[in-house]
Each structure stands twice: as structure tokens, then as C-alpha cells.
Amino acid sequence: MDLLIAVVLIVAAFVVGAAGAGIISYRFGYNKRKKDAEAQIESAEKESQRIISEAHEKAETEKKTKLVEAKDEIYRLRGQAEKEIQKLKSETDKELKERRAEVSRSERRLQQKEENLDKKNDKIEKLEESLTAKNKKAEEKLAEAETIKKSQMDILERISGFTTEQAKEHLLTMLDSELDREKAMRIMAFEQKIKDECDDKARSHISLAIARLAAETVSEMTVSVVPLPNDEMKGRIIGREGRNIRTLEQLTGVDLIIDDTPEAITLSSHDKVRREIARIALERLIQDGRIHPTRIEEMVERAKHEVEQKIKQEGERAILETNVNGLNPELVKLIGRLYYRTSYSQNVLTHSIEVAHLAGMMADELGVDATLARRAGLLHDIGKALSMEIEGSHVHIGVDVCKKYKESPDVIHAIEAHHGDVEPRTVIACLVQAADAISAARPAARSENYENYIKRLQKLEEICSSYDGVDKSFAIQAGREIRIMIKPDAVDDAKMVVLAREIAQKIEKEMEYPGQIKINLIRESRVVDFAK
């Protein structure tokens, strides 16, 4: 038991000793580590202070460097600014000096002008005083002259046996005679001058244009004749109770005249398009042999389509022939419709093409835009394509149509002026006007009713015979020339010039005629004697 206790005590002592040794060993290691950590912390603090110190020193150095650089830049910019200011100042001073010099010169000029005006005013005042004195003397002289004139008039009346009124009448008669002669001489001289300057040039341009253009003249009628294979076909065209002919007339708007003319039917209409549709439809019906309302409607529709194609082809042909490009397609169709339009029996499309060529040729000779002249010439009568459908003159219709399709103002003005509705303001308008007159006035270009032709000739002779001193007048050359026989004892050579001008003006005022009329006055004195 004691041994067990002793062992236990020994073990306990050993454990206690071991624990004490462990505690002492732990305390000794802890203190060592603490000292090492404190030494490291102290070293780190010193290193951080050294780094911070170096950073402050570096920052100060950089700061001083940047400040020095900034000051240098400021000094440099300030120097440049001072140079610019000095330069501007010198330029401003120079400009001010120049302006001051100019102002000084202007002041001197104004001062000189004022001095000149003062001198002129002085001269004017002196002249006014002189004129006043002269006027006073002139009035005195006039009064004296009136007194002398009155006394001389009394003496002249006693010597001549004429009163004052009779003397005035005699002098006025003599003066009228002299004035007529002087007026005639002036008119002759002026006309000769104009002819010398213009005739050769105008004749050259116009004759060249006409010579270069050779156009056929086509006479158009208001009726078309359709041949028939036999007279029995007339009955088939009329149909039962006239239903076939009524259908054809209603669909085409054309009158069918079936009379005693053998193997022929006449189609009558002022609208050639309708007449052409009716002619084509009727010829197709005659060839086909089946004539009834349904077949008539079918043939009329085919004929309309064919005529529309023909209109388009004619419009394109006119454009190619005149070399006018860029036209609106609707204008091309309207130009093609002119193929079926006549004016005074002249085909309007042919006339328009001819006017385009003439205007273009004359424009080439004059050095103006020939393309624009041809365009205006081709379109000048475009209103006639719609004159059957729209009220108004073809000029106004043409102007409205060309405005609608955005034609140029020069072309529109040429259309508006080609019949003198407005005064032509451009060379192109004058050329189109002249070309239109040339084309219309060519021999056989236009025909007119026989009765109207006779009336025009009679009117022309009546106008010429209405003047005093005219013995006889004769219209010749289809009314393009009038020959007037003058009484030699009533009209002298000088008065003939004045009389010719007066007759021409009256004809222009009272008559309408194509082209121009030559007025030819003939004064002939004859002496007859007999040898016996």
C-alpha cells in the first residue's frame, strides 16, 4: 500500500515536474517571439517612414520641375500674345492712318467742290442778272417789232390786196405742198435705208431656209369616198329598216351619204379622225361581207385601235424628222393627232413640221438655239389637236397644254405670240412667227372658198379705188399684188409715195389675207399727136 502510494506520489511528482517544465519552456518561447515581432514592426515602421520621406522628396522635386515648366510656357505664350497684339496694333494704326488720309482727301475734295459751287452760283447770279436785263430789252424789242409788224401788215394788205386770213390760207396751202414733198422724200429715204440694211440679209436667210426645205402640198377634203364592189352592197350597208347605217353613224359620228353615185358611198364629217375610223371600218366590213350591228361594233373598235396606232406613229415620225427630243408622251400623241387635222385645207402636221424646219434653219443662220426653235415650231399649232373638243382659240389651248406638260417659257411664249396675240419678246418667237407665215403663204399651200376668194379681191380693189387720184385698180397674182393706175394731173411723183403708204395701212387694218400684198402704183403721162 505504501509502495503504491509511493509510486503514485512519484508519478504525480513526475507529472507535476513535467508540467512545470512545459510551462517554463512555453513562457520562454513566447517572450522570444514577442521580441522578434516587435523588432520586425520597428524595422517596418522605419522602412515605411523612409519610403514616405523619399516619396515626399520626389513629389517636391516633381512639383518644382512642373512649376518651372509651367512658368516657362506662360512666359512663352505671353511673349507670343504680346507679339500678336503688337502686330494687330501696327496694322490697326496703319489702317487708321489710311482712313484718316482718305477722309482728309475727301474733305479736300468736298471743300474744292464747295468752292466750285460757290463760284458757279456767283456766275449763275450774274447770268440771271444779265438774262433779266436781256429779257427786258427783248420785251421792249418785241413791243417795237409788234408795232412795226402791224404797220407792215397794213402796208402789205394794201399792196397785195389780201387780208391777213387770206394770206395765211395761201401760205398754209404752199406749206402743205412743201410738207407733202418733204414727207415723201423722208419716207423714201427712210425706206431705202431700211431696205439697204435689212433686205439682203433677210432675203438671204429666208430664201436659204425655203430652198433647203422641199415639202409636199396636200389638199384635204371634208369627205371621203369608199368604193363598193357593186350597188347591191349599198342595201346591205343600209340594213333592215336602216339599222346597219344607223349603228355605223352612231358609233363613228360620221354621216354616210348613199346617193346615185355608182359603186361608191360618201363619208362626211369635219373631224377627219372620225371619218378615217368610219372609212377603215366600212372597208373591212365590205371585205368581210358580214354586216350587222355586232360586227359593225367590232370593226369600229378595231378601226379606232388602228387609228390610235397611226396617230402614235405619226407623232414619233414628226419628232424623228424634226430631231426634237424629250417631249412628254401625251404631247407626242397630240402631235400625231395633227395628221388628221387640216387648216384651210392644209395638213396641220405637215405644216408644223415645215415650220419647225424653217425656224431651225433661220435660227442656225442667226446663231441662236436651233433646237429650241424647232421645238417651238413643231408645237406652235398643238392646240388644233384639241380645238374640236375644247372651247377657245388654238393659241390659248396650246399654251395651256404646254404649261400642263412643263414646256419651257420660251416655247410657250412662241406659241402665244405666233398669231400676234401678244407682242413677241424673243428671237425664237419672231422666227416661229415668220416661219408660220412663210409656210402658210407658199403658193398652193392653202386654198380657200371660191366665193371668199372673189370677195377678198373685190374688197381689195374697192379699198384702192376709194382714194382720190386713183383712176383704176386691178388685183392680180391671186390677190398678192394690186396695180393702181394714178391720174397724173391729180397726184405727182412725191405724193405717190405717201398714197402707197396710206393704202397699205388701210389694207392691213381692214382685210385679212395670207402672206403679203404688193401695192404697185403706176403714174403715166402720154402725149399724142398726129402727123398729117
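Bear in mind that the values here come from a model prediction, so they are computed numbers and not experimental data.

1. Regarding the overall build of the chain
On a plain count of helices and strands, the chain comes out with 14 helices and 8 strands. Per-residue burial for the chain yields a buried fraction of 28% across its 532 residues. Considering only intrachain contacts with a sequence separation of at least 6, the fraction spanning at least 24 residues in the chain is 62%. For the chain, the accessible surface area stands at approximately 37,100 Å², while carbon and sulfur atoms represent 53% of it.

2. Notes on the nonpolar core
Formed by 43 residues in total, the largest nonpolar core has its most connected members in L327, I335, L378 and L379. For this core, the elements supplying multiple residues, two or more each, are α6 (293-322), α7 (329-337), α8 (348-366), α9 (370-379), α10 (394-404), α11 (409-417) and α12 (427-441). With 9 residues, α8 is the single largest residue contributor to this core. Excluding anything up to four places from it in sequence, L378 contacts A318, T322, V324, L327, I335, S352, I353 and A356. Of all hydrophobic cores here, the second largest spans 26 residues; its members include M233, I280, L282 and V300.

3. Some words on the layout of surface pockets
By rolling a water-sized probe across the atoms, one finds the places where empty space is left. In this model, the second largest pocket occupies a volume close to 440 Å³. Lining the second largest pocket are 20 residues, and of these V273, E308, I311, R337 and E389 lie nearest its centre. Among the secondary structure elements, those contributing two or more residues to the lining of the second largest pocket are α4 (243-252), α5 (272-288), α6 and α7. For the lining of the second largest pocket, the element with the most residues is α6, which contributes 6 residues. Considering only residue class, the lining of the second largest pocket consists of 8 nonpolar, 3 polar and 9 charged.

4. Some thoughts on a positive patch on the surface
On the surface, a cluster of positive charge is made up of K119, K120, K123 and K126. Following the sequence through the fold, K120 ends up in helix α1 (residues 2-160).

5. Notes on the pattern of salt bridges
Counting across every chain of the model gives 24 salt bridges. Note that R105 is salt-bridged to E102, the shortest N-O span being 2.5 Å. Here R105 and its partner E102 are both found in helix α1, 3 residues apart, which amounts to about one turn of the helix. Note that E276 is salt-bridged to R279, the shortest N-O span being 2.6 Å. Of this pair, E276 and R279 both sit in helix α5, 3 residues apart, roughly one helical turn. Here E276 falls in the buried class, since its relative accessible area comes to 16%. Residues joined by salt bridges that share partners form a network here, namely D288, R290, R295, E298 and R302.

Rules of the game
- Residues numbered from 1 in each chain as written.
- Predicted model: local features only at pLDDT ≥ 70, side-chain atom pairs only at ≥ 80, totals over all residues.
- Heavy atoms only, no water.
- Helix = DSSP H or I, 4+ residues; strand = E, 2+ residues; numbered from the N terminus.
- Buried < 20%, exposed > 50% of the residue type's maximum accessible area, 1.4 Å probe, protein only.
- Contact = heavy atoms within 4.5 Å.
- Areas by Shrake-Rupley, 256 points an atom, 1.4 Å probe, with all protein chains shown as cover.
- Core = buried A, V, L, I, M, F, W, Y, C linked by side-chain atoms within 4.5 Å.
- 1 Å grid on protein atoms, 1.4 Å probe; cavity = no way out; pocket = protein on both sides within 12 Å on 5 of 7 lines; lining within 4 Å.
- Points joined across faces, edges and corners; volume = space filled by probe spheres on them.
- Nonpolar A, V, L, I, M, F, W, Y, C, P; charged D, E, K, R; others polar.
- Patch = residues over 30% accessible without salt bridge, like charges linked within 9 Å, V, L, I, M, F, W, Y side chains within 5 Å.
- Salt bridge = Lys/Arg side-chain N within 4 Å of Asp/Glu carboxyl O.
- Lys, Arg positive; Asp, Glu negative; His and termini not counted.
- Charge placed at Lys NZ, Arg CZ, Asp CG, Glu CD.

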